[in-house]
Amino acid sequence: MTSHHSGTPAATRSRLNFRKLTCCGFSAALSCGSAWAQSTNTTGTTPSNVSGSTTSTTEHIVVTGHKPEGAVIGAPKPLMQISADEIKSYGVDTVTDLLSTISPETRSGRGATGNAPVVLLNGKRISGLQEVNDLPFEGIARVEIFTEEEALRYGYAADQRVVNIITVKHFRSVRARVYGETSTDGGGENGALSLSFTRLQDERRINLSARYTASSWLRDSQRNVAPPAANSLYATQGNLSTSDGTSLDPALDALSGQTVTTAGSPSLPFGQAATLDDILPYANSPNTSTNASAYTLQPRKHELNLNGVYADRITENVSSSLNVSFDHQDQISLQGLPHGVLTLPGGSFYSPFTQSVQLFRSFGNIAPLQQTAHTETGHAGLNFNGDLGDWKWNAKGSYDYTQTVTNSQTGLSLTTAQAALNSNDLSFDPWTTVSPAWLGTRLVNHGRTTSNQGQISGLLSGPVFTLPAGDASTSIAATGTLSQQNAVSTVNTVTSRAAISRDIGTIRINGDLPIASRKNHFLSFLEKLDANVNGAVSQVSHFGTLGTVGGGVTWAPFTWIQLPLSITEQTEAPAASSLVAPTIETPNVTTYDYVRGESVQVTTVSGGNRNLRSADRHEISLGAILSPPFLDGSRLHINYVHDNTHNPVLSLPTATAAIQDAFPDNYQRDADGVLERVDLRPVNADYEKRTEWNTTFSLSRPFGNEPDKAHHKGRPGNTTQGRYYVVLTQVWRLNDTVRLRSGLPAIDLLNGGTIGGLGGKPRHEVELQAGAYRNGIGIRLDGKWQSGTSTLGSTSAGSLYFSSLATLDFSVFVTLGDVPRWKHSDWAQNFRIMLSLDNVSNNRIHVHNGTGATPAGYQPAFMDPMGRTIGLSLRKSL
């Protein structure tokens, strides 16, 4: 090892290396004597002597090599390696964009689905993603993707893949980017402006960035769709009912020849009293209305991000980084027309009834109900990496602060109007358009969540002893987390508070044991076989001691194939936010009631559940990684995962017969059985079983027969050679079942079952990425396909069928400084123009029930509000 990566003094290490060469490889050194003598202009051994020495020697040659810059612990073969030229052909801006682009390749089928990968920088741990998110793509030399086993070596669980980002040694830029996007169907504009400064100088790294993004409202009316009525009684004209659902008036029953429990309100001139004859045409026929402009498919959003990173080497063997970031976000969505309930006293001037009745009205002459969310996030991270001889260590600490304030308007306080009715004030007419002066204030539910979390973590890794097949190594990681969650909510003027302090201490140990190695002449017939054992113990406040035990083997029978096997037993506590999140009521949310086979608008309740239990996960993973020697630049990864989890934490927004039977208190209905209220707070199910296999095939090659220049020194991506690539990923789910309660039948999410609002899970998903870049012009294609799903309701007519979906995204960009015509023009250097067209065919999922009709709220625009979008990006670096 060089003095740059070892704790041994450079002079001592040089003497050791010299003695090793003298004893084991002296004749090999003499074979290069002639060339060495010419290059150093010194006198050396003659060629004849060199030849004689080379022939006579019988000793083995020992070569002391160096790991590549930024190599990960253990230096395993990556699943995929992405060169600088290929990154350039993606047309990305920063690491954030890059991670999003390669997400199909970094998806892990293990653990909870959707786990983001562990991100390393130059083979070392970082304090948080904020440390690399705004690093521009020009500063990246290459990217390596590793299996979940590599995460164990860095003190993480084996349910995340690992992305190692290797930066160039010297780089400096000031970057500006402007981006705008709109839908071809109209509306939903999005825009972003970002500025950053980046400097890389060996170990020194400075990155300062600011980004502002904004999104406009996209209303239902802009897609010509309307949600179902929020409640069968609320309407702009109004509806009448009694508080207990009994007859409005015996005289009205006699006129209509039936018991009248509800009736639409008549439309009368101002100041005219209603009669029973005015009410008769609306007997048991309530008014209905909706206003599509009062709902948003996409909220209005503004966000500001500030981020700063400084990193440098402290001593010869210790480097450090400091990261501070701040994020502020405002979001506003429209939740329908304001509404309220008035009581018409019996015998009053405007009422024809002998008893008091209730008048349900919504009001379209004032602004719609709004739900606002304001979120502020702060992060500070300090990170240290160093060497202790052959051992590597890391220590990091971080502090994260988040506050979210949600205000949800639920209706109107009609006290002024009610007082007028009670006093028989004829200036207030309940049958006509009501002046805003009578409508009073809005009823608002408030929620505020404050989170403070501090974490310190340490990692020590290195060889522990030597086995016949090689060095056994270990990684020992210790993490301590202190978090405080506070939630305050006000629902219907009732304030509740919840708080939880969570202390977590975790020790994770991983051991890598070489079993067979042809290189070390031990069990050579097996070629290369390595074993892994790992375990973790966590002490979690309120949950006690939780443990994880795992292990596996990786067999490489040939140099171009690896066969990993992994087994994990893990107990995990629910997130603190799932326990104490504030209770938030959101009115007028469209959902589908599979019990009755209809779309309705309900009030949803979100928040935490203090009664959640820890989950037990049992998982086995088997894979194959192939690098076919007959196809340079290609790699195939096949992975099979079987996961069985007891007490998984789920949210159940959909009302099916099976879900309602398991959690009847989560679904409230009115006297007629119409769904009115859905509780979305998390619950524990009995178990979930999941089996799937996924495959990734990648091919990346330069154009022509020129050697790959992706790893040349200096600034990457400056070759004119060009590159093309293809990445194909697929997920095939063989089984996914959930049992909500012991003794109840399991729900098959692949065959008609659901626990979500958008049907079951697709059995098959495929994604194809392809692109090329040459002479400054790049193109990129991203195609996705997923199979259709279905959800079986209580009746055939109430079942829903979701179509398959195929989309294609296309982008073309020009880096003007790489175009031969402008290669020597200063203004064109590092200036990129990109035009993107997403969802080229404007495809959306189509939904129909057993009768072939599309229920309200499931029109294509609800499934994908934006549809086809077109975007333009201008990017300039100095």
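Residues numbered from 1 in each chain as written. Predicted model: local features only at pLDDT ≥ 70, side-chain atom pairs only at ≥ 80, totals over all residues. Heavy atoms only, no water.

Thoughts on the sheet that holds strand β29 (residues 667-669)
Read across the open sheet, the four strands follow the order β24-β25-β30-β29; overall the sheet is mixed. Only two strands of the sheet have a single partner each, and these edge strands are β24 (584-593) and β29. Strand-to-strand, the axes of this sheet are offset by a mean angle of 30°, without reference to chain direction. One ladder, built from three bridges, connects strand β25 (residues 598-606) with strand β30 (residues 675-679); its direction is parallel. When the sheet's bridge partners are listed, T603 is paired in β30 with R677. (Pairing = 2+ DSSP bridges. Helix = DSSP H or I, 4+ residues; strand = E, 2+ residues; numbered from the N terminus. Axes fitted to C-alpha atoms, helices over the stretch in contact; angles between N-to-C directions.)

Re the environment of I87
Structurally, the position occupied by I87 is in helix α5 (residues 84-90). Taking the relative accessible area as the measure of exposure, I87 reaches 1% and is therefore buried. Spatially, the C-alpha atom of I87 lies 8.7 Å from that of E138, the residues being 51 residues apart in sequence. In this view, I87 contacts I82, V92, L98, F137, I140 and V143; residues no more than four positions away in its chain are not counted. (Buried < 20%, exposed > 50% of the residue type's maximum accessible area, 1.4 Å probe, protein only. Contact = heavy atoms within 4.5 Å.)

Side note on helix α11 (residues 415-422)
Every buried residue of α11 is listed here: A417, Q418, A420 and L421. What you see down the axis of α11 is that its buried residues fit within an arc of 155°, all on one side. α11 presents T415 and N422 as exposed residues on the side facing more than 90 degrees away from its buried surface. Contact partners of the buried residues in α11: β14 (339-344). Following α11 by one or two positions, N424 has its phi on the positive side, about 60°. (Arc of directions from axis to C-beta.)

Topic: the side chain of T147
Mapped onto the elements of the fold, T147 is located in the loop between β3 (140-146) and α8 (148-153). Excluding anything up to four places from it in sequence, T147 contacts L79, Q160, R161, V162 and I625.

Observations concerning the packing of aromatic side chains
Under the counting rule described, the total for this entry stands at eleven aromatic pairs. Taking 5.8 Å as the distance between ring centres and 15° as the angle between the ring planes, the aromatic pair formed by Y773 and F813 counts as stacked. Here Y773, found in strand β35 (residues 764-774), pairs with F813, found in strand β39 (residues 805-815); they are 40 residues apart in sequence, far enough to count as distant. You can call Y773 buried: its relative accessible area is 6%. Above the face of the F813 ring, R832 is positioned so that its terminal group lies 5.8 Å from the ring centre. (Phe/Tyr/Trp six-rings, centres within 6.5 Å; stacked < 30°, edge-to-face > 60°. Lys NZ or Arg CZ within 6 Å of the ring centre and 35° of its normal.)

Section: the confidence of the model for the chain
Residues at a pLDDT of 70 or more form 90% of the chain, whose mean pLDDT is 86. Long-range and interchain partners of residues 1-65, a stretch whose pLDDT sits below 50, account for 50 contacts in this model, where long-range means more than four residues apart. Below pLDDT 50 for its whole length, residues 707-720 participates in 33 contacts with residues either more than four positions away or in separate chains. (pLDDT = per-residue confidence, 0-100.)

Points about the sheet that holds strand β9 (residues 239-241)
Two orientations exist for strands paired in a sheet by backbone hydrogen bonds: parallel and antiparallel. Pairing in this open sheet of four strands is antiparallel, and the strands run β10-β9-β15-β14 from one edge to the other. The open sheet has two edge strands, β10 (262-264) and β14, and neither has a second partner. On average, each strand axis in the sheet is inclined to that of its neighbour by 25°, with strand direction left out of account. In this structure, β9 lies alongside β10, joined through three bridges in antiparallel fashion. Directly across from S241, in β10, lies its bridge partner T262.

Digging into unusual backbone geometry
You will see that N284, though not glycine, has its phi angle at about 55°, which is positive. You can see N284 is positioned in the loop between α10 (276-279) and β11 (296-298). On the basis of relative accessibility, which here comes to 28%, the residue N284 falls in the partly exposed class. Positive phi, close to 60°, is recorded for N424, a residue that is not glycine. Examined against the element boundaries, N424 turns out to sit in the loop between α11 and β18 (442-467).

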